[in-house]
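Chain and residue survey
Given next are the chains, with one letter for each unit.
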Amino acid sequence: MKRLFLLTVVALVASLFGFDSFAAAKKVAVFVEGNLTKEQKSMVSSAVMSRLSGNKDYKVFERNDAFLKALEREHDFQLSGEVPENEIRKIGERLGVDYVIAVSAVISSDDQCQMSARLIELESGEVLKTCNATREYENSSTITALANNVAYRLISKKSK
């Protein structure tokens, strides 16, 4: 009887831990906006995608200019409050991702680089997590380092 009970407990614990390892990775695309040049936006996108690619919870998808334009239009519609929830779901399905990391990066007139990022679930439009960071802008490595930091904080389970 004790063996049967022990075997049942071990099987239960193993199945609980096993479900975590089989959880589906989130399909994510990265969208960068702000007053950066096209090259700087590409650097931010690459840094965020690089950080995500090392995380088993996320599956990164490359998106072309058509994706970015559609997402930008969708973002504008969501902000205006004109898009019903079922339309948001359709757009998420059409784009082939479940989540978007939207990064806003600005280099101010006083040479401060400010970056904020949001993890958005496309189906519901819910912002799951946000983070912000600021550094003095020196050169392009500032942008890459800041994007890397923001991405890490956004996807880290330890970061709040």
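Residues numbered from 1 in each chain as written. Predicted model: local features only at pLDDT ≥ 70, side-chain atom pairs only at ≥ 80, totals over all residues. Heavy atoms only, no water.

A short note on the side chain of N55
Following the sequence through the fold, N55 ends up in the loop between α2 (38-53) and β2 (58-60). There is a polar contact of 2.7 Å between the side chain of N55 and the backbone nitrogen of D57. (Helix = DSSP H or I, 4+ residues; strand = E, 2+ residues; numbered from the N terminus. Polar contact = N/O pair within 3.5 Å; in protein donor to acceptor, adjacent residues only side chain to side chain.)

Comments concerning the nonpolar core
Of all hydrophobic cores here, the largest spans 28 residues; its most connected members are V44, V48, L52, I101, V103 and M115. Breaking this core down by element, the ones donating at least two residues are β1 (26-34), α2, β3 (99-107), β4 (112-121), β5 (127-136) and α5 (140-155). Of the residues forming this core, the biggest block, seven residues, is contributed by α5. When sequence neighbours within four positions are dropped, the list of residues in contact with V44 reads V32, L36, V103, M115, I143 and A147. A29, V97, V100 and L122 belong to the second-largest nonpolar core, a separate cluster that totals seven residues. (Core = buried A, V, L, I, M, F, W, Y, C linked by side-chain atoms within 4.5 Å. Buried < 20%, exposed > 50% of the residue type's maximum accessible area, 1.4 Å probe, protein only. Contact = heavy atoms within 4.5 Å.)

A look at the environment of M115
Secondary-structure assignment places M115 in strand β4. On the basis of relative accessible area, M115 is assigned to the buried category, the value being 0%. Spatially, the C-alpha atom of M115 lies 9.0 Å from that of G34, the residues being 81 residues apart in sequence. With residues up to four places along the chain from it excluded, the contact list for M115 reads V44, V103, S104, A105, C131, N132, A133, I143, L146, A147 and V150.

Focus on the sheet that holds β3
Spatial strand order, β2-β1-β3-β4-β5: five strands in an open sheet with mixed pairing. The sheet is open, and its two borders are formed by β2 and β5, each paired with just one other strand. With strand direction ignored, the average angle separating the axes of adjacent strands in the sheet is 25°. Here β3 pairs with β4 via nine bridges, running antiparallel. Residue I101 lies in a different strand from β4, and its bridge partner there is L119. The strands that α2 touches are β1, β2, β3 and β4; relative to β1, the one it contacts most, it runs at about 155°. Docked against the sheet, α5 engages β2, β3, β4 and β5, running at close to 150° with respect to β5. (Pairing = 2+ DSSP bridges. Axes fitted to C-alpha atoms, helices over the stretch in contact; angles between N-to-C directions.)

Topic: the pairing of β3
Across the nine residues of β3, eight count as buried, placing the element largely inside the fold. Alignment of β1 against β3, held across seven bridges, turns out to be parallel. Bridge pairing in β3 places E33 opposite S104. A loop of four residues connects β3 with β4, the two strands running antiparallel in sequence, and D111 in this loop sits at a positive phi of about 60°.

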